[in-house]
Amino acid sequence: MKSLLKIVALLVITVSIVSCKNDQKPNYQYMPNMYESVAYETYSESNAFNSPTGLKGKEGQLPPVGTIKRGFTPYELPNTTEGYNASKLITTSPLDSTAVDMKKAEELFNIYCAICHGTSGDGKGKLVKQEKFLGVPNYKDRQITKGSIFHVITYGLNSMGSHANQLSTDERWLLAEYVLKLKSEL
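We now turn to the structure provided with this report. All values derive from a computational prediction rather than experimental measurement.

Attention now moves to the overall build of the chain. A tally of helices and strands in the chain yields eight helices and zero strands. Within the span of the chain, comprising 186 residues, buried residues form 25% of the whole. Long-range pairs, those at least 24 residues apart, make up 58% of the contacts in the chain between residues at least 6 apart in sequence.

This paragraph deals with the packing of helix α7 (residues 146–155) against helix α8 (residues 169–185). Running from amino to carboxyl end, α7 crosses α8 at an angle of 130°, the nearest separation of the two axes being 9 Å. Judged on the interaxial angle alone, α8 and α7 are oblique. Both α7 and α8 take part in a crossing whose hand is right-handed. Contacts between α7 and α8 involve Lys146, Gly147, Ile149, Phe150, Ile153 and Thr154 from the first element and Thr169, Arg172, Trp173, Leu175, Ala176, Glu177, Val179 and Leu180 from the second. The residue inventory of the contact of α7 with α8, partitioned by class, reads eight nonpolar, three polar and three charged.

Now for the nonpolar core. Counting 19 residues, the largest nonpolar core has Phe109, Tyr139, Ile149, Leu175 and Val179 as the members making the most contacts within it. Of all the elements in the fold, those that place two or more residues in this core are α4 (102–112), α7 and α8. No other element matches the seven residues that α8 contributes to this core. Dropping the residues within four chain positions of it, Phe109 is found in contact with Ala114, His117, Gly118, Thr119, Tyr139, Leu175, Tyr178, Val179 and Leu182.

A cluster of nonpolar side chains, namely Met1, Leu4, Leu5, Val8 and Val12, defines an oily patch on the protein surface of about 540 Å² accessible area. Position of Val12 among the secondary structure elements: in helix α1 (residues 2–19). When its relative accessible area of 53% is taken as the criterion, Val12 is described as exposed.

Here we come to the packing of aromatic side chains. Applying the stated rule across the entire model yields five aromatic pairs. Seen from their ring centres, Tyr75 and Phe150 are 5.0 Å apart, and the 70° between their planes marks the pair as edge-to-face. On the criterion of sequence distance, the pair formed by Tyr75 in the loop between α2 (32–35) and α3 (81–87) and Phe150 in helix α7 is long-range, its members being 75 residues apart. The class for Tyr75 is partly exposed, based on a relative accessible area of 21%. By relative accessible area, Phe150 is classed as buried at 2%.

Turning our eyes to something else, we now look at the pattern of salt bridges. In total, this model carries three salt bridges according to the counting rule given. The salt bridge involving Lys104 is made with Glu171; its shortest N-O contact spans 3.8 Å. Residue Lys104 is found in helix α4, and its partner Glu171 is found in helix α8; the two are separated by 67 residues along the sequence. What makes Lys104 partly exposed here is its relative accessible area of 34%.

Quick notes on the rules
- Residues numbered from 1 in each chain as written.
- Predicted model: local features only at pLDDT ≥ 70, side-chain atom pairs only at ≥ 80, totals over all residues.
- Heavy atoms only, no water.
- Helix = DSSP H or I, 4+ residues; strand = E, 2+ residues; numbered from the N terminus.
- Buried < 20%, exposed > 50% of the residue type's maximum accessible area, 1.4 Å probe, protein only.
- Contact = heavy atoms within 4.5 Å.
- Axes fitted to C-alpha atoms, helices over the stretch in contact; angles between N-to-C directions.
- Parallel < 35°, antiparallel > 145°, perpendicular 65-115°, else oblique.
- Left-handed = near helix turned anticlockwise from the far one by under 90°.
- Nonpolar A, V, L, I, M, F, W, Y, C, P; charged D, E, K, R; others polar.
- Core = buried A, V, L, I, M, F, W, Y, C linked by side-chain atoms within 4.5 Å.
- Patch = residues over 30% accessible without salt bridge, like charges linked within 9 Å, V, L, I, M, F, W, Y side chains within 5 Å.
- Areas by Shrake-Rupley, 256 points an atom, 1.4 Å probe, with all protein chains shown as cover.
- Salt bridge = Lys/Arg side-chain N within 4 Å of Asp/Glu carboxyl O.
- Phe/Tyr/Trp six-rings, centres within 6.5 Å; stacked < 30°, edge-to-face > 60°.

Here it is as structure tokens:
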């Protein structure tokens with residue numbers, strides 16, 4: 001008798017739970033956009049940040065005027081010929097002499113620079129030997145300083161693109177130190 005009551009009670013509970021579900025009228029949803037998001041076309045314009053300034057949705061992506069991001073060190077010289085010439089006057093690095101790790105600098109050079117400039121800085125890297133890039137300079141022939149090397153790594157020059165997104169400010173100064181070391185060995 002007790003097992004019959006248990007079976008009946010279980011059947012009543014099951015029927016009552018199943019009877020609450022109605023596919024025609026779903027339950028109330030909190031934050032329905034989380035469940036059924038609005039589909040947007042890839043790379044289409046959005047009215048998410050409309051403003052009368054004419055920026056067409058970009059003002060929410062721009063930092064406030066006069067601010068810099070945390071951990072960023074601004075580089076004051078512009079990406080112009082005058083800025084490059086002014087960078088040649090910089091002969092010292094802002095890095096502490098104890099912070100200069102030539103082993104790390106060599107690793108960075110081999111990763112980012114040696115493919116074009118060669119491991120010894122002679123301008124005969126793998127891409128130059130395959131004639132993918134021509135005219136890569138030999139460091140021995142160049143009038144370069146720490147500042148001009150940093151400037152070129154930051155902004156790029158001729159066929160060389162900027163490496164500012166790949167390398168931090170300290171890593172670019174490390175590379176400048178290492179390039180001058182290679183120049184002295186040529």
